[in-house]
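# Coordinate inspection notes
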Amino acid sequence: MTRSLKQLTGHLVLAVFGVIALVPLLLVLINSFKTNAEVLESPFGLPAHVGFENFFTAWTYGGFGPGFLNSVLLTGTTVLVVLICSSLAGYVLAGQKVRRWPAIMVYFTMAMTVPIQLFIFPLYSVVASLDLTDSPVVVGVILAAVNMPFATFMMRTFFLNVPAELEEAALMDGVSTFQLVTRVLLPLVRPGLITVGVIVGLNAWNEFLISSTFLQNPSAQTLTLGFLTMNGTFSTDIGTMMAGALILIVPVLAVFIALQRYVVDGMAAGAVKG
Amino acid sequence: MTANLAPPAVAARPARPPAARTRNAHLRKRTAINYALVAPALVLSIVVVVIPGILTLLFAFTDWSGIGFDFAFVGVDNFREILADPVFATSLTNNITWLVLFLTLPAIVGLLTAALLLRRKRMRTFYQVIFLMPYVLAPVVNALIWQTIIYNPNGGVFGALGIPSPTASMQTSLYAAAAVDMWHYWGFLTVVYLGAMRQTPMDQVEAAVVDGASGWGVFRHVYLPSIRPTLMLMGVMTVIFSFLAFDYVFLLTQGGPAHSSEVMGTYAYAFAFSSFEFGKAAAVGIIMSFFGLIASVVYTRLSRAELMR
């Protein structure tokens, strides 16, 4: 009796926290279909009819078309640069293939704790003086550098699990380092590449401080920055704001749910703060 | 809020056995290639993070405006003016309040939910995914959701309940921003703590159960000591990022009303991009980083003492 009561309490507590996590998102869902008059009446009521006017308005005034392209360009750059550089470095560090590998590890540990606020101001001045602001690709490269230490450590851990014999056997067969990496090692650490890729990708897609500082021209803005700009004009039109929010939420949650195994395992293993 | 930390054990991994190393002798001839493989990651990090970081240390002692490279050294004037500014005192206090909130509430909720999920294998994935949903969304989206549909006095939940907007009051503005940040953050701790608890050796748990320990006893005397390193790492990370808090305060209150929710992050940002005093912004940036540095040093010391025991 007491045991099942305890079980029930446990389920109840978990359910309550699940509701806490979800309620704001459910409010976005129901209010995104409502007219402003309906929202003002009550934020909890269901929409009288399901129409998509709010979504068209949000898409247009939030500049979501170009914003989506800029976000893809920025995130794609970050993920590509991080995966290439961190897997190469992780491979070398895992195999202790250079004599100075401990110094490099110490360097990355230190670089990881450098806060954005410690380098953003001079970095902005230099980038501005080179006329390189308002470029999603440049911001993508900056975010790649920010994520590099963490990604390198993660990739190193994945390479540590590759047996050394495998690599030696391949080298005996006379493959070059390049072939060794692309044909033998990369397929073996593919789960690592997906984990690092999706975590770094989410970081880049969601990033605010660096993106908003370096991308001030409306034509260069990412999805999230476009949504923020929209808030200035539409802050009193709640239905449209919620439609905009839903457009931003759905693709991120879809990617997250599809790849949740990698995200959850990666976080549990590497303790990532984003 | 994008500081990343790797597992603490990373540097302490055992080296490969010597036999493997001699067999790898021919590999060492490839040293040049191997250095070339590390170079891109290393160079990119140095150019983007370290060199501007060093420049910040330099510019903190100048009157640099951030435009062009005209500046004069002013000694410690920036620091003296900042320390004398009452807004800085408010910011520092707010950062400490932020720290206390984040060290307690999300940690307790994270531990509680992780402990409850430990024995519920089938529901584990389901709940972890739901708890993490706010965590994977952008701060801009989360902040605007709360501002528009929850805190909003005209049409939001608070409006419907007849409660004034908490972001507009000097007494509650900081807590209003912290609440949204904590709402988005705690699920991450659930996942991290659960991952750590699952590493606890089963024989220890079984031994405790055989000895007649209650559910709470097992948690208190087996799981909690077992995840101590993770708790410490998360604690240190919380200290570091509490002094760097920016996104949610900037998005929800802009540090207002009347600087009541100002944190060092928003305070520094206003110097740089509102009044173009990059020298002062750099000085605040250094003060913020300094607290994180102390936390890292204390953590390294503690974990070393732990290993020595």
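Residues numbered from 1 in each chain as written. Chains lettered and ligands numbered in written order. Predicted model: local features only at pLDDT ≥ 70, side-chain atom pairs only at ≥ 80, totals over all residues. Heavy atoms only, no water.

### Points about the side chain of S173(B)
Residue position: S173(B) is located in helix α9 (residues 173–197). Residue contacts for S173(B): discarding those within four places in its chain leaves P166(B), T167(B), T253(B), G256(B), P257(B), S260(B) and S261(B). (Helix = DSSP H or I, 4+ residues; strand = E, 2+ residues; numbered from the N terminus. Contact = heavy atoms within 4.5 Å.)

### Details of the interface of chain B and chain A
Taken together, the contact between chain B and chain A spans 107 residues of the former and 109 residues of the latter. Both faces considered, chain B and chain A share a buried interface measuring about 9,300 Å² in area, 74% of it formed by carbon and sulfur atoms. Connecting chain B to chain A are 0 salt bridges. When its residues are assigned to classes, the side of chain B that touches chain A shows 75 nonpolar, 25 polar and 7 charged. (Buried area = accessible area lost by both parts, 1.4 Å probe. Salt bridge = Lys/Arg side-chain N within 4 Å of Asp/Glu carboxyl O. Nonpolar A, V, L, I, M, F, W, Y, C, P; charged D, E, K, R; others polar.)

### Comments concerning the layout of surface pockets
Taken as a whole, the second largest pocket holds about 870 Å³ of empty space. Secondary-structure elements contributing two or more residues to the lining of the second largest pocket are α1 (2–31) of chain A together with α5 (86–118), α10 (202–210) and α11 (215–226) of chain B. Its residues placed into classes, the lining of the second largest pocket shows 13 nonpolar, 4 polar and 5 charged. (1 Å grid on protein atoms, 1.4 Å probe; cavity = no way out; pocket = protein on both sides within 12 Å on 5 of 7 lines; lining within 4 Å. Points joined across faces, edges and corners; volume = space filled by probe spheres on them.)

### Thoughts on the UniProt feature "domain: ABC transmembrane type-1" (unreviewed entry) in chain A
According to UniProt, the feature "domain: ABC transmembrane type-1" (unreviewed entry) maps to residues 68–259 of chain A in the numbering used here. Measuring from the first to the last C-alpha atom of residues 68–259 of chain A gives 21 Å, for a span that is 79% helix and 0% strand. (UniProt positions renumbered as here; feature names shortened; annotations may be inferred.)

### Re the UniProt feature "transmembrane region" (unreviewed entry) in chain A
Residues and elements named next belong to chain A. Sequence positions flagged by UniProt for "transmembrane region" (unreviewed entry) are, in local numbering, residues 12–33, 72–94, 106–125, 137–159, 180–205 and 238–259. For residues 106–125, the end-to-end C-alpha separation is 29 Å, with 65% helix and 0% strand making up the annotated structure. Secondary structure over residues 180–205 splits into 96% helix and 0% strand, and the C-alpha atoms at its two ends are 32 Å apart.

### A short note on the packing of α1(A) against helix α13 (residues 238–258) of chain A
Residue and element names in this part refer to chain A. Contact geometry for α1 and α13: axes closest at 8 Å, N-to-C directions at 120°. By the criterion of interaxial angle, the relationship of α1 to α13 is oblique. Handedness of the crossing formed by α1 with α13: left-handed. Only G239, M242, A245, L246 and I249 of α13 make contact with α1, whose side of the interface consists of L25, V28, L29 and N31. (Axes fitted to C-alpha atoms, helices over the stretch in contact; angles between N-to-C directions. Parallel < 35°, antiparallel > 145°, perpendicular 65-115°, else oblique. Left-handed = near helix turned anticlockwise from the far one by under 90°.)

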